[in-house]
Amino acid sequence: MNNSPDNSPDNGPNSLAARLDQGRPYALGLFRIVVGLLFACHGAASLFGVLGGAMGGTVPAGTWPGWYAAVIQLVCGVLVLAGVGTRSAAFLASGSMAYAYFKVHQPEALFPLQNSGETAALFCWCFALLVFTGPGALALDRFFGARGGTAAKAGEEREKQGAPIAA
């Protein structure tokens, strides 16, 4: 009996892992959409007072860092949600959440549960993941081919073969 990994029932084309792998781009796309929507809602709440507003109101225009953070949240959230310039928008969003965590939350206590920084930490890591994975399926960039070209198609082929993708 051959016990090589290639003959394992877990590696066949009908295995659960193979079927889940086929859905990976769509799961990543839905993850991107949900995270972008939630981030944009934070920005809209702070800037326009919708959805309960920022602590019951809005952030005064031009104040540092709150107003700038809200603009980043709204703009980057919409870009990530739509899948337009996802990696760049996610990079900026991740950095802004790292800043928020270390400047606002972490001085209060060491752990996110102690300093109310769970949201900032989670957004930071969610956007960092999107920087490295890209937008997944259902992104406007892929739909319109804005960044399509032959390089993107070659990257998709390498990804299908299991190779890491270059940015």
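An account of the accompanying structure is given in this report. (Residues numbered from 1 in each chain as written. Predicted model: local features only at pLDDT ≥ 70, side-chain atom pairs only at ≥ 80, totals over all residues. Heavy atoms only, no water.)

## So, the overall build of the protein
What counts, and what does not: A helix here means a DSSP run of H or I that spans at least four residues, while a strand means a run of E at least two residues long, and both kinds are numbered starting from the N terminus. The buried label applies to any residue whose accessible area, calculated with a 1.4 Å probe on protein chains only, is under 20% of its type's maximum; exposed applies above 50%, and partly exposed to all values in between. Whether two residues touch is decided by their heavy atoms; if any such pair falls within 4.5 Å, the residues are in contact. Note on areas: these come from Shrake-Rupley sampling with a 1.4 Å probe, and a residue is covered only by the protein chains present in the view.
Helix and strand content of the protein: 8 helices and 0 strands. Counting all 167 residues of the protein, 31% fall into the buried class. Contacts spanning at least 24 positions in sequence make up 63% of the contacts within the protein whose residues lie at least 6 apart. On the protein, roughly 10800 Å² of surface is accessible, and the fraction owed to carbon and sulfur atoms is 67%.

## Some points on a nonpolar patch on the surface
Condition: Patch membership is restricted to residues that have no salt bridge and whose relative accessible area is over 30%. Joining uses 9 Å for like charges and 5 Å for the nonpolar side chains Val, Leu, Ile, Met, Phe, Trp and Tyr. When a carboxyl oxygen of Asp or Glu lies within 4 Å of a side-chain nitrogen of Lys or Arg, that pair is called a salt bridge.
Taken together, Val75, Leu79, Val84, Leu140, Phe143 and Phe144 make up a surface patch of nonpolar side chains, about 560 Å² in accessible area. Secondary-structure elements contributing two or more residues to the nonpolar patch are helix H3 (66-82) and helix H7 (140-144). Considering every element that reaches the nonpolar patch, the biggest residue donor is H7, with 3 residues.

## So, helix H2 (residues 24-48)
The cut-off we apply is this: Helices are assigned an expected span. That span is 1.5 Å times one less than the residue count.
Taking 1.5 Å per residue, 25 residues should reach 36 Å; H2 reaches 35 Å between its end C-alpha atoms and fits that length. Inspection of H2 places Leu28, Gly29, Arg32, Val35, Gly36, Phe39, Ala40, Gly43, Ala44, Ala45, Ser46 and Leu47 among the buried residues, and these make up the whole buried set.

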